[in-house]
Amino acid sequence: MVRILPPNPEAVREGARLLREGQLVAFPTETVYGLGADAFNPLAVARIFEVKNRPEFDPIIVHIADLAQLKELVTQVPEAARRLIEKFWPGPLTLILPKTEKVPGIVTAGLPTVAVRMPAHPVALNLIRAADRPVAAPSANPFGYLSPTTAEHVLTQLDGKVDLILDGGPCPVGVESTVLDLTAEPPTVLRPGGLAVEDIEKIIGPVRVAAGAAERPRSPGQLSRHYSPRTPLVVFSGRSYPDPGGRRAGLLLFRRPTQAPAGFAVVEWLSEAGDVREAAANLFAALHRLDRVGLDIIFAEAVPEVGLGRAIMDRLRKAAAPPVDGPGRLN
Ligand code: TXA
Ligand code: MG
């Protein structure tokens, strides 16, 4: 039986003890819940792949609580990294840097680089400090499914497969961190996320944004259908609502409508007044709810691609991509 505990000091100590023993602990971060393992324990990390049903070529983000831990993980901290760290850590920015020998290959899926971030969440930071080691953690969902933004999402998706869930309430940012490859020239955003690309560019100048599915999927966030609900999803834009055509349809709007549209089984909106940050924070929870109520189809309204709107559209497009069949099929 999985235990869910409120994140008091005793529970955090228990989580740290489990991590040191090679067990898995789900914990809140400001972005989404992570499924954590001791980053220096390859067997514990292997268990993450098992539990997530995740292909082994997918590298995992290592979470740290202070800069001394960064030194254990990366061989160089270039000037651009220094500036970004000073400005945005702790926060929803993951940096790809050359790894040290100490980082097990299973963490980086054999890549010579490692993804590192310092989460801006007191429970995550306390857990990492108490464990006294970096914590490797992907989002705490089965591979290819929606990322969890509450402890309850983790419980329903990974029940029985994780030893402890620390319940820190809903994640304030609600989408995963922005992944920035600083070993590429120019620096390349592999996954848009909780930190706006515009904010990164203010600090280090122009970056490249990798073009999702068109490129070699170095980052599984770039694989199509990575963030998919099980219900078919269609993205729409424009002034009129789509026609449900007799189907049991859900409507996911960007902002609260002035009049409830007719003909839909469920109508949800991501933001009261059309704020992309609020929309991002609500995105996964709304998709989870819509995915649970037996709809034939979900119509999701496009959001403006500014700031976090880019991350939202990245996820909606992936959720909308047609399923891939055959041996390479994602689940
Ligand atoms: O907000 C987040 O980033 C959450 C929380 C728990 O921190 N974590 C998360 O992890 O979203 P995950 O495993 O679901 O996504 C990690 C992404 C993947 O797209 C992975 O391919 C990429 O980071 N990544 C990790 N290491 C990499 C590396 N060395 N090179 C390129 N991409 C890497
Ligand atoms: Mg994930």
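Here is what the cut-offs are and how they apply
Residues numbered from 1 in each chain as written. Chains lettered and ligands numbered in written order. Predicted model: local features only at pLDDT ≥ 70, side-chain atom pairs only at ≥ 80, totals over all residues. Heavy atoms only, no water. Core = buried A, V, L, I, M, F, W, Y, C linked by side-chain atoms within 4.5 Å. Buried < 20%, exposed > 50% of the residue type's maximum accessible area, 1.4 Å probe, protein only. Helix = DSSP H or I, 4+ residues; strand = E, 2+ residues; numbered from the N terminus. Contact = heavy atoms within 4.5 Å. Salt bridge = Lys/Arg side-chain N within 4 Å of Asp/Glu carboxyl O. pLDDT = per-residue confidence, 0-100. Pairing = 2+ DSSP bridges. Axes fitted to C-alpha atoms, helices over the stretch in contact; angles between N-to-C directions. Parallel < 35°, antiparallel > 145°, perpendicular 65-115°, else oblique. Left-handed = near helix turned anticlockwise from the far one by under 90°. Nonpolar A, V, L, I, M, F, W, Y, C, P; charged D, E, K, R; others polar. Polar contact = N/O pair within 3.5 Å; in protein donor to acceptor, adjacent residues only side chain to side chain.

*Asks:* Which residues make up the nonpolar core, and what are the values?
*Replies:* With 65 residues, the main nonpolar core has Leu-84, Trp-89, Leu-93, Leu-95 and Leu-180 as its most contacted residues. With 6 residues, helix H6 (residues 122-131) is the largest single contributor of residues to this core. Other than its neighbours up to four places away in sequence, Leu-84 contacts Trp-89, Leu-93, Leu-95, Leu-180, Leu-182, Ile-200, Ile-203 and Ile-204. Counting 26 residues, the second largest nonpolar core, distinct from the first, contains Leu-283, Leu-295, Val-303 and Met-313.

*Asks:* Help me get a handle on the pattern of salt bridges, residues and values and all.
*Replies:* For the coordinates displayed, the defined rule picks out 17 salt bridges. Measuring nitrogen to oxygen at the nearest pair gives 2.6 Å for the salt bridge that ties Arg-17 to Glu-21. On the basis of relative accessibility, which here comes to 35%, the residue Arg-17 falls in the partly exposed class. According to the relative accessible area criterion, Glu-21 is partly exposed, its value standing at 47%. Residue Arg-256 pairs with Glu-272 through a salt bridge whose shortest N-O separation is 2.7 Å. With Arg-256 in the loop between strand S13 (249-255) and strand S14 (266-271) and Glu-272 in the loop between S14 and helix H9 (276-291), the pair connects residues that are 16 residues apart, well separated along the chain. Residue Glu-272 is classed as partly exposed on the basis of its relative accessible area, which comes to 41%. Sharing partners across several salt bridges, the network here consists of Arg-3, Glu-14, Arg-17 and Glu-21.

*Asks:* Please give an account of the confidence of the model for the protein that cites residues and values.
*Replies:* Per-chain confidence: the protein averages 89 in pLDDT, with 91% of residues scoring 70 or above. Here residues 213-217 scores under 50 on pLDDT; set against residues more than four positions off or in separate chains, the count is 7 contacts. For residues 221-227, every residue scores under 50 in pLDDT, and the model assigns this stretch 42 contacts once sequence neighbours within four places are set aside.

*Asks:* Provide a residue-level description of the environment of Pro-112, including the pertinent values.
*Replies:* Looking at the element boundaries, Pro-112 is found in the loop between helix H5 (105-108) and strand S6 (113-117). The class for Pro-112 is exposed, based on a relative accessible area of 60%. C-alpha of Pro-112 to C-alpha of Lys-99: the two residues are 13 residues apart in sequence and 5.9 Å apart in space. Residues in contact with Pro-112, not counting those within four places in the same chain, are Leu-97, Pro-98 and Lys-99.

*Asks:* Which residues make up the pairing of strand S3 (residues 34-38), and what are the values?
*Replies:* Most of S3 is tucked away: 5 of the 5 residues are buried. Bridging between strand S2 (residues 25-27) and S3 involves 3 bridges; their strand directions are antiparallel. Within S3, the position partnered with Val-25 by the bridge is Gly-36. As consecutive antiparallel partners, S2 and S3 are separated by 6 residues.

*Asks:* Could you give an account of the packing of helix H1 (residues 9-20) against H6, with specific residues and numbers?
*Replies:* It is the contact of H1 with H6, at a shortest axis distance of 8 Å, that shows an interaxial angle of 50 degrees. Regarding the angle of H1 to H6, the classification is oblique. The handedness of the crossing between H1 and H6 is right-handed. Contacts from Val-12, Gly-15, Ala-16, Leu-19 and Arg-20 in H1 reach Asn-126, Leu-127, Ala-130 and Ala-131 in H6. A per-class count over the contact of H1 with H6 returns 6 nonpolar, 2 polar and 1 charged.

*Asks:* Hey, could you go over the sheet that holds S14 for me, with residue numbers and the actual values?
*Replies:* Strand order in the open sheet formed by 4 strands is S12-S15-S13-S14, and the pairing between neighbours is parallel. On the outer flanks of this sheet lie strand S12 (233-236) and S14, each paired with one strand and no other. Between one strand axis and the next, the sheet turns through 20 degrees on average, direction left out of account. The pairing of S13 with strand S15 (residues 297-301) spans 4 bridges and is classified as parallel. Across the sheet, residue Leu-252 finds its bridge partner in S15, namely Ala-300. With respect to the sheet, H9 is in contact with S12, S13, S14 and S15, its orientation differing from that of S14 by roughly 155 degrees. Strands in contact with helix H10 (residues 309-320) are S12 and S15; relative to S12, the strand with the most contacts, it is inclined by about 135 degrees.

*Asks:* Give me the lowdown on the side chain of Ser-271, citing residues and values where you can.
*Replies:* Within the secondary structure layout, Ser-271 lies in strand S14. We classify Ser-271 as buried; its relative accessible area is 1%. A distance of 3.4 Å separates a polar atom in the side chain of Ser-271 from the backbone nitrogen of Ala-273. Reaching out from Ser-271, the side chain makes a polar contact with the side chain of Glu-278 at a distance of 2.8 Å. In contact with Ser-271, other than residues within four places in its own chain, are Phe-254, Arg-255, Arg-256, Glu-278 and Ala-279.

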